[in-house]
2 protein chains.
Amino acid sequence: MELVKIHECLCDRTRLRLLHVLLQGPLCVCHFQDVLREPQVKISKHLAYLRTRGLVTCSREGNWMVYRLEAKPTSVLRANLACLQDCAREEPVFRRDLARLHRLAPVIASTGPCGCGPAAC
Amino acid sequence: MELVKIHECLCDRTRLRLLHVLLQGPLCVCHFQDVLREPQVKISKHLAYLRTRGLVTCSREGNWMVYRLEAKPTSVLRANLACLQDCAREEPVFRRDLARLHRLAPVIASTGPCGCGPAAC
DNA sequence: TGCGAATATTCTTTAATAGGCATATGAATC
DNA sequence: GATTCATATGCCTATTAAAGAATATTCGCA
């Protein structure tokens, strides 16, 4: 994928936050809602955006849709995600997301990223 | 500057190219025209865009405006520019720009980045 | 002071984007 | 089969952005 295309994906705050959280591991939409504190539509649409552009994939687990980073990213994408992870350290929005994600960890650990049991995904 | 803001600057092909070329050193608008092969308005506007957001600075040298990368970039900006330089290697557009820039090198060497003499800038 | 060269700005059109609301889909459960 | 939960999509609006044409500015020089 072209470099510009990647940056088009990265030039929206919500998408940056989604990708940043996904760097920690797969997650379902409802957990994204908890972590980002943003409405379902917003999250769902941006995930769809990222999916159609090949940055993330998703799989259905019962009622839940689990999103994860593309398994075989291009080197360019990989570089940019690494850069994101690095830069995000400095900004409160991202740190807050991570804090909420970690607070959610016990739940995720017991239910899996999709609430469907620890082994399922 | 916020990470999103940086990415907003990077999500346009022309601006990516401008920054990528600037990583090689300062340059004036007319040389940018030669290197990118894009109309003056387009280049001038995008440079203004980058200037107002603090990614580049400029100084007048006679009739010429010499643009250069911000001298004291934030660590986040620095990381992203490094990433750009890295990724650009893989894409023909950027390589072509560099090729034309280097073909221009003798001119720049004899006139300076602004055509105003080698020592002036 | 008037002209030409390099660059910037204004204006307009066109296209893309995000966001929200309402609604649709799809799976699970009763 | 109806309901419910999780998620996706369609439609609408408001905002933003890019590009080009034309014009303005700023400087150097005759």
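Everything below is about the structure shown above.
Just so we're clear, the structure is a prediction, and the values are computed from it rather than from any experiment.

Q: For the overall build of chain A, give the residues involved together with the corresponding values.
A: A tally of regular secondary structure across chain A gives 6 helices and 3 strands. Seen in sequence order, chain A has helices and strands lined up from the N terminus as α-α-β-α-α-β-β-α-α. By the burial criterion, 44% of the 121 residues in chain A qualify as buried. Intrachain contacts of chain A at a sequence separation of at least 6 include 62% that bridge at least 24 residues.

Q: Quick rundown of the relation of the copies chain A and chain B? Include the residues and the values.
A: In screw terms, the move from chain A to chain B is a rotation of 180 degrees and a rise of 0.0 Å along the axis, fitting with an RMSD of 0.0 Å. In the structure described here, the two chain copies are related by an operation that fits a two-fold rotation axis. Same-surface contact between copies: 100% of interface residues of chain A are shared with the interface of chain B.

Q: Any chance you could break down the packing of helix H2 (residues 13-22) of chain B against helix H5 (residues 75-88) of chain B for me, citing the residues and the numbers?
A: All names here are of chain B. In contact at an axis separation of 10 Å, H2 and H5 are set at 95 degrees when each is read in the N-to-C sense. By the angle between their directions, the pair H2 and H5 is classed as roughly perpendicular. Packed against H2, whose contacting residues are Leu16, Leu19 and His20, the element H5 presents Leu81, Leu84, Gln85 and Ala88 at the interface. Residue classes in the contact of H2 with H5 are distributed as 5 nonpolar, 2 polar and no charged.

Q: Give me the lowdown on the packing of aromatic side chains, citing residues and values where you can.
A: This model, assessed by the stated rule, comprises 0 aromatic pairs over all chains. The cationic tip of Arg15 of chain A hangs over the ring face of Tyr49 of chain A; the distance from NZ or CZ to the ring centre is 3.7 Å.

Q: Go over the sheet that holds strand S2 (residues 56-61) of chain A with me, naming the residues and quoting the values.
A: Residue and element names in this part refer to chain A. Taken in spatial order, the 3 strands make up an open sheet running S1-S3-S2, and their pairing is antiparallel. Edge positions in the sheet fall to strand S1 (27-28) and S2, since each of these pairs with one other strand and no more. Across the sheet, helix H2 (residues 13-22) touches S1, S2 and strand S3 (64-69), and the angle it forms with S3 is around 85 degrees.

Q: Requested: an account of the packing of helix H3 (residues 29-37) of chain A against helix H4 (residues 40-52) of chain A, with residues and values cited.
A: Residue and element names in this part refer to chain A. In contact at an axis separation of 9 Å, H3 and H4 are set at 115 degrees when each is read in the N-to-C sense. For H3 against H4, the interelement crossing comes out right-handed. Along its contact with H3, which presents Val29, Phe32, Gln33 and Leu36, the element H4 presents Gln40, Ile43 and Leu47. Taken together, the residues of the contact of H3 with H4 sort by class into 5 nonpolar, 2 polar and no charged.

Calculation notes
- Residues numbered from 1 in each chain as written.
- Chains lettered and ligands numbered in written order.
- Predicted model: local features only at pLDDT ≥ 70, side-chain atom pairs only at ≥ 80, totals over all residues.
- Heavy atoms only, no water.
- Helix = DSSP H or I, 4+ residues; strand = E, 2+ residues; numbered from the N terminus.
- Buried < 20%, exposed > 50% of the residue type's maximum accessible area, 1.4 Å probe, protein only.
- Contact = heavy atoms within 4.5 Å.
- Least-squares fit on C-alpha atoms with pLDDT ≥ 70 in both.
- Axes fitted to C-alpha atoms, helices over the stretch in contact; angles between N-to-C directions.
- Parallel < 35°, antiparallel > 145°, perpendicular 65-115°, else oblique.
- Nonpolar A, V, L, I, M, F, W, Y, C, P; charged D, E, K, R; others polar.
- Phe/Tyr/Trp six-rings, centres within 6.5 Å; stacked < 30°, edge-to-face > 60°.
- Lys NZ or Arg CZ within 6 Å of the ring centre and 35° of its normal.
- Pairing = 2+ DSSP bridges.
- Left-handed = near helix turned anticlockwise from the far one by under 90°.

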